[in-house]
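Residues per chain are reported as follows:
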Amino acid sequence: MGINDERDIEANLQIGPTDAGMVRLFVEGNGFEIPMDFTPEEAFEIAEEITAAANRVAGARKNR
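Here the structure is a predicted model, which means the values were calculated and not measured.

Asker: How should the environment of isoleucine 9 be read in this particular structure?
Answerer: Turning to its location among the elements, isoleucine 9 is positioned in the segment before strand 1 (11-17). On the basis of relative accessibility, which here comes to 58%, the residue isoleucine 9 falls in the exposed class. In this structure, the C-alpha to C-alpha distance between isoleucine 9 and phenylalanine 38, residues 29 residues apart in sequence, is 24 Å.

Asker: Would you take a moment to explain the sheet that holds strand 1 for this structure?
Answerer: In a beta sheet, neighbouring strands are held together by backbone hydrogen bonds and run either parallel or antiparallel to one another. Pairing in this open sheet of three strands is antiparallel, and the strands run 1-2-3 from one edge to the other. Strand pairing shows two members of the sheet lacking a second neighbour, strand 1 and strand 3 (32-38), which therefore form its edges. Neighbour-to-neighbour, the strand axes of this sheet turn through a mean angle of 15°, independent of strand direction. One ladder, built from seven bridges, connects strand 1 with strand 2 (residues 23-29); its direction is antiparallel. By the bridge assignment, alanine 11 is partnered in strand 2 with glycine 29. Packing against the sheet, helix 1 (residues 40-62) makes contact with strand 2 and strand 3, and its axis sits at approximately 110° to strand 3.

Definitions and limits used
Residues numbered from 1 in each chain as written. Predicted model: local features only at pLDDT ≥ 70, side-chain atom pairs only at ≥ 80, totals over all residues. Heavy atoms only, no water. Helix = DSSP H or I, 4+ residues; strand = E, 2+ residues; numbered from the N terminus. Buried < 20%, exposed > 50% of the residue type's maximum accessible area, 1.4 Å probe, protein only. Pairing = 2+ DSSP bridges. Axes fitted to C-alpha atoms, helices over the stretch in contact; angles between N-to-C directions. Contact = heavy atoms within 4.5 Å.

Written out as structure tokens, the structure is:
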């Protein structure tokens, strides 16, 4: 499965701090749970990557 492959799967995403000082991304769907813990530094890097991707999509939409 690649990033551009569509799937008919529903999931919930929760993001928040843990008691251990980590940032958790928690993905929950039909029959699965995926907790992913990141240091604050890693979380900032992920946030930058998400922002950059959103900016690329927004820029591509403007140029249509």
